[in-house]
Amino acid sequence: MKTQANGIEIEYEVYGADDAPPVLLIMGLGAQLTLWPMPMVEQLVERGYRVIRYDNRDVGLSTKFHDAEAPSMTAIVGALMMGQKPDVPYLLADMAADAVGLLDALGIEKAHVMGASMGGMIAQMVAATYPYRVLSLTSIMLSTGNPTLPPASPEAMAVLTQRPEGADEDSMVAHGVRAEKIIGSPGYPANEAELTERVRASFRRMHYPPGFARQMAAIVGSGDRRAALRTITAPTMVIHGADDPLVPLAAGRDTAATIPGAKIVEIPGMGHNLPEPLIGPVLDAFEQVAKAEAPVG
């Protein structure tokens, strides 16, 4: 389904009863709504929630910013170091406004907001900027933008920035499978055939590399977000893999230390993905704050 929100078109899906508490799922860098595992969606519905997952701008079936070039990362970092506003097509704050615009379009006053990776950064900005719209915040495998945190492993950074060997479907899928294996959960390795099928289905639904580059620019251009995160009042859960090679565990701990009153669950064997065996523990952690008393206002 599509709707107009924040001046753009957003592709979304809704599951569960209309009168159930809503959960807005926000996915990460270059990732489509389909990366939220259906077993996770189904389990949320079974637990009594209404689930909304959607494609961020510049990815999947939502609006593409074709006319906006991705700026140089060097130029963005240079501007930030000079205390200047970087020249980027949009920032995480704009993507947070998309999320709230979707809630508006669906007639949802308040929602539990859950985000993974870049989606968690967007979710944080929703909670910081629109506190009256957030029942609870769940941040999965992400950072605060603190520049002093340890970087990704060299192998994880390489696979994130490398291009596939070819432009054909098989090359693209092979690259996606390799990336998933490198950044995924070492304690819960994916089935090769199932992983390949999922990556191929994602490629066929939409493959749009320019959007990945512009979203990356939005992350880098948004800089250190700790000042905004310190204003969050929603009950907050931070979930982080103890073995995440892309966003090391220190980033999750920094997030929990920055957001007032945040809880943290560290999961051994978890990397930078959501393997099916961990869906139950992730949702148990989510419900620790989803069932907490909502903030007033």
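Our subject is the structure that appears above.
The text that follows walks through the structure, step by step, so that each part is easy to find. (Residues numbered from 1 in each chain as written. Predicted model: local features only at pLDDT ≥ 70, side-chain atom pairs only at ≥ 80, totals over all residues. Heavy atoms only, no water.)

**Digging into the sheet that holds strand 5 (residues 111-116)**
Here is step 1: The strand order across the open sheet formed by 8 strands is 1-2-4-3-5-6-7-8, and the pairing between neighbours is mixed. The outermost strands of the open sheet, each flanked by one partner alone, are strand 1 (2-5) and strand 8 (263-267). In this sheet, adjacent strand axes meet at a mean angle of 25 degrees when their direction is disregarded.
Here is step 2: Summarising the sheet, strand 3 (residues 22-26) and strand 4 (residues 50-54) pair through 5 bridges and their orientation is parallel. What sits directly across from Ile26, in strand 4, is Tyr54. (Pairing = 2+ DSSP bridges. Helix = DSSP H or I, 4+ residues; strand = E, 2+ residues; numbered from the N terminus. Axes fitted to C-alpha atoms, helices over the stretch in contact; angles between N-to-C directions.)

**Quick look at the side chain of Ser185**
Here is step 1: Tracing the backbone shows Ser185 in the loop between helix 6 (169-183) and helix 7 (192-205).
Here is step 2: In terms of polar contacts, Ser185 uses its side chain to reach the backbone amide nitrogen of Gly271, at 2.8 Å.
Here is step 3: Apart from residues no more than four positions distant in its own chain, Ser185 is found in contact with Gly269, Met270, Gly271, Asn273 and Pro275. (Polar contact = N/O pair within 3.5 Å; in protein donor to acceptor, adjacent residues only side chain to side chain. Contact = heavy atoms within 4.5 Å.)

**So, the nonpolar core**
Nonpolar side chains tend to gather and get buried jointly when the protein is soluble and globular.
Here is step 1: In terms of nonpolar packing, the biggest core is built from 44 residues, with Leu24, Ile26, Tyr54, Leu92, Leu102 and Ile232 touching the most fellow members.
Here is step 2: Where this core is concerned, the elements lending two or more residues are strand 2 (8-15), strand 3, strand 4, helix 3 (92-105), strand 5, helix 4 (118-129), strand 6 (134-140) and helix 8 (209-222).
Here is step 3: Apart from the residues within four sequence positions on either side, Leu102 is in contact with Thr3, Ala5, Ile10, Tyr12, Leu24, Ile52 and Tyr54.
Here is step 4: Trp36, Leu44, Val51 and Val289 belong to the second-largest nonpolar core, a separate cluster that totals 27 residues. (Core = buried A, V, L, I, M, F, W, Y, C linked by side-chain atoms within 4.5 Å. Buried < 20%, exposed > 50% of the residue type's maximum accessible area, 1.4 Å probe, protein only.)

**What to know about the environment of Val23**
Here is step 1: Mapped onto the elements, Val23 comes out in strand 3.
Here is step 2: Residues Val23 and Ala290 lie 267 residues apart in sequence; the distance between their C-alpha atoms is 9.3 Å.
Here is step 3: Discounting chain neighbours no more than four positions away, the residues touching Val23 are Leu44, Tyr49, Arg50, Val51, Ile52, His112 and Phe286.

**Things to note about the environment of Val220**
Here is step 1: The residue Val220 is located in helix 8 in this model.
Here is step 2: Among the residues examined, Val220 registers a relative accessible area of 22% and is labelled partly exposed.
Here is step 3: For the pair formed by Val220 and Pro86, sequence separation is 134 residues and the distance between their alpha carbons is 9.2 Å.

**Overview of the pattern of salt bridges**
Here is step 1: On inspection of all chains with the given rule, the structure shows 16 salt bridges.
Here is step 2: Notably, a salt bridge pairs Asp224 with Arg226, separated by 2.6 Å at the nearest N-O pair.
Here is step 3: Here the salt bridges do not stand alone but share partners, grouping Arg47, Asp284, Glu287 and Lys291 into one network. (Salt bridge = Lys/Arg side-chain N within 4 Å of Asp/Glu carboxyl O.)

**Structural notes on helix 1 (residues 38-46)**
Here is step 1: The complete set of buried residues in helix 1 reads Met40, Val41 and Leu44. Take helix 1 and look down its axis: the buried residues cluster within an arc of 100 degrees, on one side only.
Here is step 2: In the core, the buried residues of helix 1 are packed alongside strand 2, strand 3, strand 4, strand 5 and helix 11 (279-290).
Here is step 3: Directly after helix 1, the chain includes Gly48, whose backbone phi takes a positive value near 100 degrees. (Arc of directions from axis to C-beta.)

**Structural notes on the packing of aromatic side chains**
Aromatic rings considered in pairs are described by the distance between their centres and by the relative angle of their planes.
Here is step 1: As enumerated under the stated definition, the model contains 2 aromatic pairs in all.
Here is step 2: Seen from their ring centres, Tyr49 and Phe286 are 5.3 Å apart, and the 65 degrees between their planes marks the pair as edge-to-face. Of the two residues, Tyr49 is situated in the loop between helix 1 and strand 4 and Phe286 in helix 11; the sequence distance between them amounts to 237 residues.
Here is step 3: Over the ring of Tyr208 we find Lys64, and its NZ or CZ is 5.7 Å from the ring centre. (Phe/Tyr/Trp six-rings, centres within 6.5 Å; stacked < 30°, edge-to-face > 60°. Lys NZ or Arg CZ within 6 Å of the ring centre and 35° of its normal.)

**Quick word on the environment of Pro275**
Here is step 1: As for its position among the elements, Pro275 is in the loop between strand 8 and helix 11.
Here is step 2: Remark: the alpha-carbon pair of Pro275 and Met237, spanning 38 residues in sequence, is separated by 19 Å.
Here is step 3: Excluding its chain neighbours within four sequence positions, the residues that come into contact with Pro275 are Ser185 and Tyr188.

**Examining the packing of helix 6 against helix 7**
Here is step 1: Orientation of helix 6 relative to helix 7, taken along the N-to-C sense of each, is 125 degrees, at an axis distance of 9 Å. In terms of orientation, helix 6 and helix 7 fall into the oblique class. Both helix 6 and helix 7 take part in a crossing whose hand is right-handed. Here helix 6 contributes Glu169, Asp170, Met172, Val173, Gly176, Val177, Glu180 and Lys181 to the contact with helix 7, which in turn contributes Glu192, Leu195, Thr196, Arg198, Val199, Arg200, Phe203 and Arg204.
Here is step 2: Residues that form the contact of helix 6 with helix 7 fall into these classes: 6 nonpolar, 2 polar and 8 charged. (Parallel < 35°, antiparallel > 145°, perpendicular 65-115°, else oblique. Left-handed = near helix turned anticlockwise from the far one by under 90°. Nonpolar A, V, L, I, M, F, W, Y, C, P; charged D, E, K, R; others polar.)

**Quick look at helix 10 (residues 249-258)**
Here is step 1: Taken across its 10 residues, helix 10 has 7 buried, putting it largely inside the fold.
Here is step 2: Among all positions in helix 10, only Leu249, Ala251, Gly252, Asp254, Thr255, Ala256 and Thr258 are buried.
Here is step 3: Summarising the contacts, the buried residues of helix 10 are in contact with helix 4, helix 9 (226-229), strand 7 (236-241) and strand 8.

Interpretation in functional terms is not warranted from these geometric data alone.
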